[in-house]
Amino acid sequence: AAISSSIAAILLLIAAFFTGGPELLSGWLTPIVCAGLLVAIIVYGETKAFSLEDASIVGPISSTTPAFVIVVSFIRLHEYPTRQGWLGIMCLVAGTYLLNIQKFLNQKRERNENITLLDWFAPFRLLLSSRGVRWAFLVAMLGSVAMTFEAQAVRLANVAFASALIFGMCAILNWISTIVQEGRVTASDLMPCLQRPRLIVAGLCMFAAVFFANTAFRYDIVPYVGTVKRFQ
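Just so it is clear, the structure is predicted and the values come from calculations on it, not from any experiment.

**Q** Help me out: how do you make sense of the overall build of the protein in this one?
**A** Within the protein one finds 11 helices and 0 strands. A globule of 232 residues ought to have a C-alpha radius of gyration of about 17 Å, and the protein, at 19 Å, matches this closely. For the protein, the C-alpha atoms occupy an extent of roughly 55 × 55 × 25 Å along the three principal directions. The 232 residues of the protein split such that 42% are buried.

**Q** When you look at the pattern of salt bridges in this model, what are you seeing that I'm missing?
**A** Two side chains bearing opposite charge may form a pair once their charged atoms approach each other closely. What the rule picks out here adds up to 5 salt bridges. Between Arg-155 and Glu-79 there is a salt bridge, and its shortest N-O distance comes to 2.8 Å. With Arg-155 in helix H7 (residues 131-155) and Glu-79 in the loop between helix H4 (65-77) and helix H5 (83-110), this pair connects stretches of sequence that are 76 residues apart. With relative accessibility at 28%, the residue Arg-155 sits in the partly exposed group. Its relative accessible area of 12% is what places Glu-79 among the buried residues. Among the charged side chains, a network of salt bridges with common partners joins Lys-108, Arg-111, Glu-113, Asp-119 and Arg-125.

**Q** Can you walk me through helix H10 (residues 197-216) in this structure?
**A** One full turn of an α-helix is made of 3.6 residues, so residues set three or four places apart face in the same direction. Its 20 residues place the ends of H10 29 Å apart at the C-alpha level, agreeing with the 28 Å of an ideal helix rising 1.5 Å per residue. Among the residues of H10, those classed as buried are Gly-203, Met-206, Val-210, Phe-211, Ala-213 and Asn-214.

**Q** Would you explain the nonpolar core in this entry?
**A** Nonpolar side chains in soluble globular proteins generally cluster together in the buried interior. Formed by 37 residues in total, the largest nonpolar core has its most connected members in Leu-12, Val-39, Ala-162, Ile-166, Phe-167, Phe-217 and Val-222. Those elements that provide at least two residues to this core are helix H1 (2-18), helix H2 (29-52), H4, H7, helix H8 (159-182), H10 and helix H11 (222-229). Apart from the residues within four sequence positions on either side, Leu-12 is in contact with Ala-160, Ser-163, Ala-164, Phe-167, Phe-207, Val-210 and Phe-211. With 13 residues, the next largest nonpolar core counts Val-58, Phe-104, Leu-105 and Ala-140 among its residues.

**Q** Any chance you could explain the packing of H4 against H5 here in plain terms?
**A** Two measures define how a pair of helices packs: the angle their axes make with one another and the distance between the axes. As a packed pair, H4 and H5 sit with axes 8 Å apart at the nearest point and diverge in direction by 150 degrees. Overall, the two elements H4 and H5 adopt an arrangement that is roughly antiparallel. Where H4 abuts H5, its residues Pro-66, Ala-67 and Ile-70 lie against Trp-86, Ile-89, Met-90 and Val-93. Along the lines of polarity and charge, the residues of the contact of H4 with H5 split into 7 nonpolar, no polar and no charged.

**Q** Honestly, the packing of H5 against H11 in this entry has me stumped. Any pointers?
**A** Running from amino to carboxyl end, H5 crosses H11 at an angle of 20 degrees, the nearest separation of the two axes being 10 Å. By the angle between their directions, the pair H5 and H11 is classed as roughly parallel. Crossing geometry of H5 relative to H11 is assigned as left-handed. Where H5 approaches H11, its residues Gly-85, Ile-89 and Leu-92 are matched on the opposing element by Pro-223, Tyr-224 and Thr-227.

**Q** I keep staring at the side chain of Ser-56 and nothing clicks. Help me out?
**A** With respect to the element layout, Ser-56 can be found in helix H3 (residues 55-62). At a separation of 2.5 Å, a polar atom in the side chain of Ser-56 contacts the side chain of Asp-54. A polar atom in the side chain of Ser-56 sits 3.4 Å from the side chain of Gln-107. Non-local contacts of Ser-56, meaning those with residues more than four positions away in its chain, are made with Asn-100, Ile-101, Lys-103, Phe-104 and Gln-107.

What counts and what doesn't
Residues numbered from 1 in each chain as written. Predicted model: local features only at pLDDT ≥ 70, side-chain atom pairs only at ≥ 80, totals over all residues. Heavy atoms only, no water. Helix = DSSP H or I, 4+ residues; strand = E, 2+ residues; numbered from the N terminus. Rg over C-alpha atoms; globule rule 2.2 N^0.38 Å. Buried < 20%, exposed > 50% of the residue type's maximum accessible area, 1.4 Å probe, protein only. Salt bridge = Lys/Arg side-chain N within 4 Å of Asp/Glu carboxyl O. Expected span 1.5 Å × (residues − 1). Core = buried A, V, L, I, M, F, W, Y, C linked by side-chain atoms within 4.5 Å. Contact = heavy atoms within 4.5 Å. Axes fitted to C-alpha atoms, helices over the stretch in contact; angles between N-to-C directions. Parallel < 35°, antiparallel > 145°, perpendicular 65-115°, else oblique. Nonpolar A, V, L, I, M, F, W, Y, C, P; charged D, E, K, R; others polar. Left-handed = near helix turned anticlockwise from the far one by under 90°. Polar contact = N/O pair within 3.5 Å; in protein donor to acceptor, adjacent residues only side chain to side chain.

Quick look at the structure:
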C-alpha cells in the first residue's frame with residue numbers, strides 16, 4: 001500500500017507540473033488533509049480486506065459505496081441526484097453487486113454445493129465472523145466520506161496537485177504503519193517488493209484512476225461520479 005501510493009503521488013506531482021501547477025483557492029488545505037487521512041485508512045483497509053478474505057466476498061462490498069455516498073454528499077455538500085439519477089444509482093449498485101457475487105456463487109457450483117437465497121447475501125452474513133469483511137465495509141463507508149472531501153479538494157486546487165498531496169499523505173501514513181508493524185525498513189527489505197511488476201503496475205493504475213476520477217468531480221456531483229467509479 002505504501003509503495004503503490006508513493007508511485008501514484010510522484011506521478012500526480014509530475015502531472016501537476018504539466019497541467020498548470022497548484023492553482024490554489026481559499027480553503028483548499030482542510031479538504032486535502034481530511035481526504036489524505038481517510039484515503040490512507042482506505043488504501044490500508046482495502047489491502048487488509050483482500051489479505052484476510054477471499055476476493056469473491058470482498059469485491060461485492062465495494063459496490064455498496066454509492067448508497068452511502070448519496071447520504072453523505074447530501075449532508076456535506078448539499079448535492080443530491082434527481083429521481084431518475086437516484087433510480088439509476090440504485091440499479092448500478094444492485095447490478096454491480098450481482099455481477100461481483102457471481103464469482104463466489106461459481107465457486108460453490110464448482111464444489112457441487114447447493115446455492116441458497118442466503119448465499120446471495122454472503123458478504124453481509126459474514127460481517128460478524130470475518131475481519132476481512134468488516135475491513136471491506138469500513139472501507140466502503142469511509143470511501144463515501146472521502147469522496148466528498150476529494151471533490152472539495154480538486155475543486156479548490158489543481159486536480160493533479162490536490163490528488164498528489166492526498167496520496168502523498170496516504171503514502172507517508174502507510175510507511176509509518178509499516179515501520180510500526182515491521183520495525184526498521186531497509187533497502188534490502190524494499191527491493192523484493194520493487195522488483196514485482198504487478199506492484200509497479202498497481203501504482204501506475206492508481207495514478208491514472210485517481211487523476212481521471214478526480215477530474216470528473218469538476219464536472220458533476222459526487223453521487224454520480226462515485227457511482228460510475230463502481231464500474232471498476
